[in-house]
Amino acid sequence: MSKGGSLKKEAWEVLRKSIMYHHGMPIGTIAATTIDPLEDMVNYNQVFMRDFFSSGIAFLIAGEPEIVKNFLLMAVQLQGDEKQVDCFTLGEGVMPASFKVTVDQNSNQESVEADFGDAAIARVAPVDSGFWWIVLLRAYTHSTGDHSVANSPQCQLGIIRCLNLCLHDGFDTFPTLLCADGCSMIDRRMGIYGYPLDIQSLFYMALRCGKELLRQDRDMGAFVERIDKRLHALTFHMRQYFWLDHNQLNNIYRYKTEEYSYTAVNKFNIMPDSLPNWVFEFMPNKGGYMVGNVSPAFMDFRWFTIGNFLAITSSLATNQQANAIMDLVEERWDELIGEMPMKCMYPALEGEEWRIVTGCDPKNTRWSYHNSGSWPVFLWFLTAAAIKVGRPNIAHRALEIAEKRLLKDEWPEYYDGKLGRTIGKQARKLQTWTISGYLVAKLLLEDPSQAEMLFMDEDMRCRINPLARSSSSEGG
Ligand code: GLC
């Protein structure tokens, strides 16, 4: 058997061992199956909503949708529970970060216990959970052709509740979603508060998927119109203000500040002096990306992987921007892929900046964990994006690099170092999304048509292409 073939076989074996059952039915996969029985699992023995996404896609591609269906129904049931953190009642659309099955010692009865951030380290809110749920529900429906789950009253209500949380009126002047730190895959303080890209791309994808799944025979006109309006504004905002290429970098570098009135060019009053030195080296002549965050006098220039790749698969990015993002990945291969695909963000925060932004978090020291560590799970994001733009070779190249290490290293959660050469200091072994992320990438490259369940076409009513107005994505 070829190296890739035996790796695949091993991966499936471990993935199946991670399945969690409830009343004998598979309902998800736990975050990591431990090698060392004495290891403190913290909450890695739970089913995480975000972690299950890649497992779910692997099972869908393999033609085993049952576990995905059970997971989707379990999650929506948990969403309906009343949940409190201290004395505060959470919004009814919130979905848990994770859940587990517990067994009562006396009665032997099983029950499912969910963590809505009330038990999580630092009490972080999982803003992404409900979005992943909607996107998986759409993938399930697309892949199986079974509309009965999405059409069920509980799932319809689940979609409405989840999106309602994000669409209600507030004090916003931006269509992006305001988030606290630690609200997504990066579930520790990492300076992503505000309007983090990873969440905006996922929000966009969830709005699109939710709209597609909502039954139009209900009296949904006004709600769908709210979704449409938000999508339109969000598309404009992201393509226009989050986009950075060499040309735009140059514009910001020469920005005037303190501009008042509707004709302001520097709308958010970004100070050119806030441009970090690294960005001038990082920005290639050919290529571009969506920056990490934009708000008044603040642009987080860091690269974030989930947000950029989901912007491609969801068509939040224009076709031209999508290609420019992949150009940048190729141009900055060592920085982003190195010896293990791939970094969750770039670059790392160091020294004083690390102290202030992370609150001295020792797990997030430079080039480790969320602070620019390398996570093999991103292989599937990279692969889906590469297929979407018709450049699968980029993913083939990355997969080959990963295949040299993953099995030998026992599927670690993440890698450390500028090139991702060292197994992460506190990385779990047999980390489930490392395994399923690899599997999804492998399976998608074998049959790219499977990636359709992860894609949205460009929404033609939201056509706005800022690159057409700037000189080109190629700067120069
Ligand atoms: C860590 C990661 C989070 C993941 C969880 C389970 O907390 O930061 O993104 O969901 O582990 O793997």
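Residues numbered from 1 in each chain as written. Predicted model: local features only at pLDDT ≥ 70, side-chain atom pairs only at ≥ 80, totals over all residues. Heavy atoms only, no water.

Under an unreviewed UniProt entry, the protein chain has the name Alkaline/neutral invertase and belongs to Physcomitrium patens. Its UniProt record, at the heading Sequence similarities (unreviewed entry), says of the protein chain: "Belongs to the glycosyl hydrolase 100 family." Among the UniProt annotations of the protein chain, the heading Function (unreviewed entry) holds the following wording: "Invertase that cleaves sucrose into glucose and fructose." (UniProt positions renumbered as here; feature names shortened; annotations may be inferred.)

*Asks:* Explanation requested: the overall build of the protein chain in the structure shown.
*Replies:* From N to C terminus, the protein chain includes 18 helices and 13 strands. For 476 residues, the compact-globule estimate of 2.2 N^0.38 gives 23 Å, and the C-alpha radius of gyration of the protein chain, at 21 Å, lies within 12% of that figure. A principal-axis box enclosing the C-alpha atoms of the protein chain has dimensions of 70 × 55 × 45 Å. A burial count over the protein chain gives 59% of its 476 residues as buried. Long-range contacts, defined as pairs at least 24 residues apart, comprise 71% of the intrachain contacts of the protein chain with a sequence gap of at least 6. Per element, the accessible surface of the protein chain, about 19,900 Å² overall, is 50% carbon and sulfur. Across the protein chain, the 47 positively charged side chains and the 58 negatively charged ones have centroids separated by 3 Å. (Helix = DSSP H or I, 4+ residues; strand = E, 2+ residues; numbered from the N terminus. Rg over C-alpha atoms; globule rule 2.2 N^0.38 Å. Buried < 20%, exposed > 50% of the residue type's maximum accessible area, 1.4 Å probe, protein only. Contact = heavy atoms within 4.5 Å. Areas by Shrake-Rupley, 256 points an atom, 1.4 Å probe, with all protein chains shown as cover. Lys, Arg positive; Asp, Glu negative; His and termini not counted. Charge placed at Lys NZ, Arg CZ, Asp CG, Glu CD.)

*Asks:* What is the right way to read the packing of aromatic side chains from this model?
*Replies:* Both the distance between ring centres and the angle between the ring planes are used here to describe each pair of aromatic rings. Under the counting rule described, the total for this entry stands at 26 aromatic pairs. Relative to W367, the ring of Y346 lies with its centre 5.8 Å away and its plane at 45 degrees, an arrangement referred to as tilted. Within this pair, whereas Y346 is found in strand 11 (residues 345-346), its partner W367 is found in the loop between helix 14 (351-358) and helix 15 (378-388), the two being separated by 21 residues in sequence. Overall, the relative accessible area of 9% leaves W367 in the buried class. (Phe/Tyr/Trp six-rings, centres within 6.5 Å; stacked < 30°, edge-to-face > 60°.)

*Asks:* Before we go on, may I ask you to explain the pattern of salt bridges in this structure?
*Replies:* Pairs can form between side chains of opposite charge whenever their charged atoms are close. Applying the stated criterion across every chain, the model contains 18 salt bridges. Close ionic contact of E339 with R421 constitutes a salt bridge, the shortest N to O distance being 3.4 Å. Linking E339 in the loop between helix 13 (333-336) and strand 11 with R421 in the loop between strand 12 (415-416) and strand 13 (422-423), this pair joins segments that are 82 residues apart in sequence. On the basis of relative accessibility, which here comes to 34%, the residue E339 falls in the partly exposed class. The exposure class of R421 is exposed, given its relative accessible area of 54%. A salt bridge links E350 to R366; its shortest N-O distance comes to 2.9 Å. In this pair, E350 is assigned in the loop between strand 11 and helix 14 and R366 in the loop between helix 14 and helix 15, connecting sequence segments 16 residues apart. (Salt bridge = Lys/Arg side-chain N within 4 Å of Asp/Glu carboxyl O.)

*Asks:* How should the sheet that holds strand 3 (residues 47-48) be read in this particular structure?
*Replies:* Sheet strands pair by backbone hydrogen bonding; their relative direction is either parallel or antiparallel. The strand order across the open sheet formed by three strands is 3-6-7, and the pairing between neighbours is antiparallel. The open sheet has two free edges, formed respectively by strand 3 and strand 7 (110-115), since each of these has just one partner strand. Where strand 6 (residues 98-103) lies against strand 7, six bridges are found, and the strand directions are antiparallel. Among the inter-strand pairings, V103 is bridged to a residue of strand 7, identified as E110. (Pairing = 2+ DSSP bridges.)

*Asks:* Just to check I follow, could you spell out the pairing of strand 2 (residues 25-29) for this structure?
*Replies:* Along any regular strand the residues' side chains alternate between the sheet's two faces. As paired strands, strand 1 (residues 19-22) and strand 2 are joined by four bridges and run antiparallel to one another. Bridge assignment links H22 to a residue of strand 2, and that residue is M25.

*Asks:* Would you explain the nonpolar core in this entry?
*Replies:* Core analysis: the biggest nonpolar cluster contains 164 residues, and I57, W133, Y289, W303 and F309 have the highest contact counts within it. Top contributing element to this core by residue count: helix 7 (residues 197-213), with ten residues. Not counting the four nearest positions on each side in its chain, I57 is found in contact with L136, A139, V440, M453 and L454. (Core = buried A, V, L, I, M, F, W, Y, C linked by side-chain atoms within 4.5 Å.)

*Asks:* What am I meant to see in the site of the ligand here?
*Replies:* Around the ligand, the surrounding shell consists of A31, Y44, F48, R50, D51, M185, D187, Y369, H370, E413, Q431 and W433. In the environment of the ligand, an oxygen atom lies 2.9 Å from a nitrogen or oxygen atom belonging to the side chain of R50. Y369 places a side-chain nitrogen or oxygen 3.4 Å from an oxygen atom of the ligand. Calculation on the ligand without its partners gives an accessible area of 310 Å², and the protein chains cover 95% of this total. Classifying every residue of the shell around the ligand gives six nonpolar, two polar and four charged. (Near = heavy atom within 4 Å. Polar contact = N/O pair within 3.5 Å; in protein donor to acceptor, adjacent residues only side chain to side chain. Nonpolar A, V, L, I, M, F, W, Y, C, P; charged D, E, K, R; others polar.)

*Asks:* Quick question: what am I supposed to make of the environment of K9 here?
*Replies:* Along the chain, the position of K9 falls in helix 1 (residues 3-17). Taking C-alpha positions, K9 is 21 Å from R397, a pair spaced 388 residues apart along the chain.

*Asks:* What exactly am I supposed to notice about the packing of helix 11 (residues 305-313) against helix 15 here?
*Replies:* Two quantities define a packed helix pair, namely the angle between the helix axes and the distance between the axes. Relative orientation of the contacting elements helix 11 and helix 15 amounts to 30 degrees, with a least axis distance of 9 Å. Viewed along their axes, helix 11 and helix 15 adopt a mutual orientation that is roughly parallel. Between helix 11 and helix 15 lies a crossing whose hand is left-handed. Each of T305, I306, F309, L310, I312 and T313 in helix 11 lies in contact with helix 15, whose residues at this interface are F378, F381, L382, A384, A385 and K388. For the contact of helix 11 with helix 15, the per-class residue count stands at nine nonpolar, two polar and one charged. (Axes fitted to C-alpha atoms, helices over the stretch in contact; angles between N-to-C directions. Parallel < 35°, antiparallel > 145°, perpendicular 65-115°, else oblique. Left-handed = near helix turned anticlockwise from the far one by under 90°.)

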